[in-house]
Amino acid sequence: MSEAAAELPPVPEQAREVFGDRFADAVRYAELLADAGVGRGLIGPREVPRLWERHLLNCAVLSDVVPEGIAVCDVGSGAGLPGIPLALARGDLHITLLEPLLRRTIFLEEIVDVLGLDNVTVVRGRAEEMIGYLPPVEVVTARAVAPLDRLAGWGLPLLRPHGEMLALKGDTAEEELKAARAALGRLGAVDSCVVQAGVGLVDPPSTVVRVRVGESPGGVRAAARRARAARANRPVRGATRRHR
Ligand SMILES: C[S@@+](CC[C@H](N)C(=O)[O-])C[C@H]1O[C@@H](n2cnc3c(N)ncnc32)[C@H](O)[C@@H]1O
């Protein structure tokens, strides 16, 4: 065990409730993050003592606001947050982990294999280049990827009509939403608000900016044109991999 992995705190009681029959896999994921994740520079060693509260549980409780049996795209998944905890908590979802950096997608592929996550696909690429290339999804998730207006420019065009983007944000969520409202409108958002997830389960609850698009997510055609041009100059790297 690495020095960082030795810092892993005891598993909190709520983890059993949140992860249900995938509890043991969630523990394994925490261990892999603390060990290989830190060793390969995908997560800071200082995060290890708070891996459960601040990362695994905080992300898994997104489950509260995700409908059943739908397709989700986690934009800028990094070491798998929030996509992996969500996939563990919710075997009914089909989750694509979208991440541009090769060493991160390699780690994600390994995690998917080790945990036997047959509801997860790893795709290497930048969100703005995937518009019109990835099948549209009902929900886009993201944490710590970009300010809300930029994130919306990448995430909303990946949605189906009436889909939602769920962005995990901190204390500045209301402020960010206020500042981004005009941009969201131009991108076809018809509703946006800040909600709490995991109330009574995690303390503090996770703060989620929820942005819903209408019948036709605005700017999709133009964004798809830009994405096609970007892909033509820089072909999509790596393969889309479906785990069954
Ligand atoms: C600060 S990390 C956050 C990772 C993870 N979501 C988390 O919360 O730990 C931001 C991630 O977004 C990815 N990223 C940056 N620009 C992106 C883009 N245009 N499309 C998709 N992912 C992007 C980066 O490669 C990186 O893995």
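Cut-offs used in this document
- Residues numbered from 1 in each chain as written.
- Predicted model: local features only at pLDDT ≥ 70, side-chain atom pairs only at ≥ 80, totals over all residues.
- Heavy atoms only, no water.
- UniProt positions renumbered as here; feature names shortened; annotations may be inferred.
- Helix = DSSP H or I, 4+ residues; strand = E, 2+ residues; numbered from the N terminus.
- Rg over C-alpha atoms; globule rule 2.2 N^0.38 Å.
- Buried < 20%, exposed > 50% of the residue type's maximum accessible area, 1.4 Å probe, protein only.
- Contact = heavy atoms within 4.5 Å.
- Areas by Shrake-Rupley, 256 points an atom, 1.4 Å probe, with all protein chains shown as cover.
- Lys, Arg positive; Asp, Glu negative; His and termini not counted.
- Charge placed at Lys NZ, Arg CZ, Asp CG, Glu CD.
- Near = heavy atom within 4 Å.
- Polar contact = N/O pair within 3.5 Å; in protein donor to acceptor, adjacent residues only side chain to side chain.
- Pairing = 2+ DSSP bridges.
- Axes fitted to C-alpha atoms, helices over the stretch in contact; angles between N-to-C directions.
- Parallel < 35°, antiparallel > 145°, perpendicular 65-115°, else oblique.
- Left-handed = near helix turned anticlockwise from the far one by under 90°.
- Nonpolar A, V, L, I, M, F, W, Y, C, P; charged D, E, K, R; others polar.

For the protein, an unreviewed UniProt entry supplies the name Ribosomal RNA small subunit methyltransferase G and the organism Streptantibioticus silvisoli. Regarding the protein, the relevant UniProt record gives this comment under Subcellular location (unreviewed entry): "Cytoplasm".

Caption draft 1: Looking closely at the overall build of the protein. Counting its regular elements, the protein contains eight helices and eight strands. Whereas a compact globule of 244 residues would reach a radius of gyration of roughly 18 Å, the protein reaches 17 Å, a difference of no more than 12%. Considered along the principal axes of its C-alpha atoms, the protein spans approximately 50 × 40 × 30 Å. The proportion of buried residues among the 244 residues of the protein is 53%. Long-range contacts, defined as pairs at least 24 residues apart, comprise 69% of the intrachain contacts of the protein with a sequence gap of at least 6. A total accessible area of about 11,300 Å² is found for the protein, and carbon and sulfur atoms account for 50% of it. Put simply, the protein has 31 plus and 31 minus side-chain charges, and the middle of one group is 10 Å from the middle of the other.

Caption draft 2: Seen up close, the side chain of Thr105. Structurally, Thr105 is set in helix α5 (residues 102-115). Thr105 has contacts with Glu99, Val122, Val123 and Arg124, leaving out every residue within four places of it along the chain.

Caption draft 3: Quick peek at the site of the ligand. Inspection of the region around the ligand gives 15 residues, with Leu81, Glu99, Arg104, Glu128 and Arg143 positioned closest. A distance of 2.8 Å separates a nitrogen atom of the ligand from a polar atom in the backbone of Gly76. Glu128 places a polar side-chain atom, nitrogen or oxygen, 2.8 Å from a nitrogen atom of the ligand. Bound to the protein, the ligand loses 80% of the 590 Å² it would expose on its own.

Caption draft 4: Spotlight on the UniProt feature "binding site: S-adenosyl-L-methionine" (unreviewed entry) in the protein. In this structure's numbering, the residues bearing the UniProt feature "binding site: S-adenosyl-L-methionine" (unreviewed entry) are Gly76, Leu81, Ala127, Glu128 and Arg143. Among residues more than four places away in sequence, those in contact with Glu128 are Trp154, Ala223 and Ala227. With respect to the element layout, Arg143 can be found in strand β4 (residues 137-143). Not counting residues up to four positions away in its chain, the partners in contact with Arg143 are Arg54, His55, Cys59, Leu81, Pro82 and Leu168. Engagement of the side chain of Arg143 in a polar contact is seen with the backbone oxygen of Arg54, the distance being 3.2 Å.

Caption draft 5: Expanded view of the pairing of strand β3 (residues 120-124). Of all five residues in β3, five are buried, a share of seventy percent or more. Burial of the side chains of β3 extends over both faces: Val120, Val122 and Arg124 are buried on one face and Thr121 and Val123 on the other. In this sheet, β3 lies alongside strand β2 (residues 94-99) in parallel orientation, the contact comprising five bridges. When the sheet's bridge partners are listed, Ile95 is paired in β3 with Val120.

Caption draft 6: Spotlight on the side chain of Asn58. Its place among the elements puts Asn58 in helix α3 (residues 51-60). Within the structure, the side chain of Asn58 is placed 2.6 Å from the side chain of Ser206, a separation counted as a polar contact. Not counting chain neighbours up to four residues away, the residues in contact with Asn58 comprise Trp52, Glu53, Leu168, Pro204 and Ser206.

Caption draft 7: Spotlight on the packing of helix α6 (residues 148-155) against helix α7 (residues 173-186). With their axes 8 Å apart at the nearest point, α6 and α7 run at an angle of 40 degrees to one another. Accordingly, the angle class assigned to the pair α6 and α7 is oblique. Crossing geometry of α6 relative to α7 is assigned as right-handed. Residue-level contacts link Leu148, Asp149 and Ala152 of α6 to Glu176, Leu177, Ala180, Ala183 and Leu184 of α7. Looking at side-chain class alone, the contact of α6 with α7 contains six nonpolar, no polar and two charged residues.

Caption draft 8: Molecular detail of the environment of Arg212. Counting through the fold element by element, Arg212 comes out in strand β7 (residues 206-213). A relative accessible area of 31% means that Arg212 is categorised as partly exposed. C-alpha separation for the pair Arg212 and Val190, spaced 22 residues apart in sequence, amounts to 5.9 Å.

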